[in-house]
Amino acid sequence: MMEIKNKVNETNKKTTLTSLRPLVDVYENTEGVVIMADLPGVDTEQLEIQVEGNVLSLEGIAVIAPAEGAKKELEMTPEGVYKRSFSLGDGLDFNQIDAELKSGLLTIKVPKKVAEVPQKIKVRAA
Amino acid sequence: MFSGFRTIDNNIVNQLNLIQRELECAFNQASTNTNENFRAGNIYPPVNISSTNDSIDVKLFVANLNPTAIDVTVDNNVLNIRAQKESFVPDGAKPFIKERVDGKVFRQVCMPEDSDPNKITADYKLGVLTINIAKLEKTQPIKVKVH
């Protein structure tokens, strides 16, 4: 019950916060697709990555509020939710996604399905 | 440089000093915008500033900094922040989207006159660089008895 209440509170918080668009880089190499997103102020606890079909979505709450009672003098980044979605091509293995968050940089690696990775065939000398 | 962050002082000399300092900051910033900061359209990295009675917090939002390559200095009441953003490109990768800014990061903030340049701390966590500047203790007005 408590868990459901926490989930509802979290959802309510997300809907009231400003939506922020993070800066991203997306690369492709022979192994798969790499997505890198700048999410300063986001902790792993406040980060959610979901895959639906071939759409990968990320949402992370930036906990950057000033100290209680402090006066805001300049605010270029409001407390908000970073949101971004990516429509990825076929041939990727969404069950083998690897995600790492380090110093505000999120790196998501989506590998290609084994059949899609070019296989090098060794030729034996006769 | 940020405005609306100054103390009110009726002394004309102090007011003129304040204007002079802000002009110096403006010129200083304008000259630096033409190099390291220019390519990011002068809005990167974003900064938040807040204050309490005791201190000022400057927050810079820059992911993936090398903490050993962050340089914070104070010169003529201007806070200078220089850092290096590490870049990483996966082996043999072809970029589809390239929005992130790598390389040198530079930002200047004019500190208010009641800040104490000798009491500054900096902390880098979760991609946010927080610089705390203590405020000088306010001098109490002295009341002179008239006989």
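Cut-offs used in this document
Residues numbered from 1 in each chain as written. Chains lettered and ligands numbered in written order. Predicted model: local features only at pLDDT ≥ 70, side-chain atom pairs only at ≥ 80, totals over all residues. Heavy atoms only, no water. Helix = DSSP H or I, 4+ residues; strand = E, 2+ residues; numbered from the N terminus. Buried < 20%, exposed > 50% of the residue type's maximum accessible area, 1.4 Å probe, protein only. Contact = heavy atoms within 4.5 Å. Areas by Shrake-Rupley, 256 points an atom, 1.4 Å probe, with all protein chains shown as cover. Pairing = 2+ DSSP bridges. Axes fitted to C-alpha atoms, helices over the stretch in contact; angles between N-to-C directions. Buried area = accessible area lost by both parts, 1.4 Å probe. Salt bridge = Lys/Arg side-chain N within 4 Å of Asp/Glu carboxyl O.

J.: Give me the lowdown on the overall build of chain A, citing residues and values where you can.
T.: A tally of regular secondary structure across chain A gives 1 helix and 9 strands. Reading chain A from its N terminus to its C terminus gives the helix and strand order α-β-β-β-β-β-β-β-β-β. A buried classification covers 36% of the 126 residues belonging to chain A. A sequence separation of at least 24 residues applies to 56% of the contacts in chain A between residues at least 6 apart. Of the accessible surface of chain A, which amounts to about 8,100 Å², a share of 49% is contributed by carbon and sulfur atoms.

J.: Provide a residue-level description of unusual backbone geometry, including the pertinent values.
T.: Residues and elements named next belong to chain B. Phi angles above zero are rare outside glycine, and N76 is one such case at about 55°. Among the residues examined, N76 registers a relative accessible area of 56% and is labelled exposed. Positive phi, close to 65°, is recorded for N77, a residue that is not glycine. Inspection of the secondary structure puts N77 in the loop between β3 (71-75) and β4 (78-85). What makes N77 buried here is its relative accessible area of 17%.

J.: Pulling in residues and values, what's your account of the sheet that holds β3(B)?
T.: Residues and elements named next belong to chain B. Here we have 3 strands laid out as an open sheet, ordered β3-β4-β6, and antiparallel in their pairing. In the strand order of this sheet, the two ends are held by β3 and β6 (103-110), each with one partner. For this sheet, the mean angle separating the axes of adjacent strands, direction not counted, is 15°.

J.: Describe in detail the sheet that holds strand β1 (residues 18-20) of chain A, supporting the description with residues and values.
T.: Residue and element names in this part refer to chain A. Strand order across the open sheet formed by 4 strands is β1-β7-β5-β4, with mixed pairing between neighbours. The open sheet has two edge strands with one neighbour each: β1 and β4 (42-52). Across this sheet, the average inter-strand angle for adjacent strands is 25°, counted without regard to direction. The sheet contact formed by β4 and strand β5 (residues 55-62) spans 7 bridges and is antiparallel. Of the residues in β5, the one forming a bridge with E52 is V55.

J.: Describe the environment of B:I70, with residues and values.
T.: Its place among the elements puts B:I70 in the loop between β2 (55-61) and β3. Distance in space between the C-alpha atoms of B:I70 and B:R82 is 5.9 Å, their sequence separation being 12 residues.

J.: Explain the interface of chain A and chain B to me, using residue names and the numbers behind them.
T.: Taken residue by residue, the interface counts 32 residues in chain A and 36 residues in chain B. Across the chain A to chain B interface the summed buried area is about 3,000 Å²; carbon plus sulfur atoms make up 58%. It is A:Y27, A:E73 and A:M76 in chain A that bury the most area against chain B; as a group they hold 21% of the surface buried on that side. At the surface where chain A touches chain B, the tally comes to 6 salt bridges. Elements supplying a minimum of two residues to the side of chain A that touches chain B: β2 (24-29), β3 (32-38), β4 and β6 (71-75) of chain A. Sorting elements by how many residues they give to the side of chain A that touches chain B places β2(A) first, with 6 residues. Two elements, β2(A) and strand β5 (residues 94-98) of chain B, share 4 bridges in a ladder whose sense is antiparallel. Note on β5(B): the bridge partner recorded for A:D25 is B:K98.

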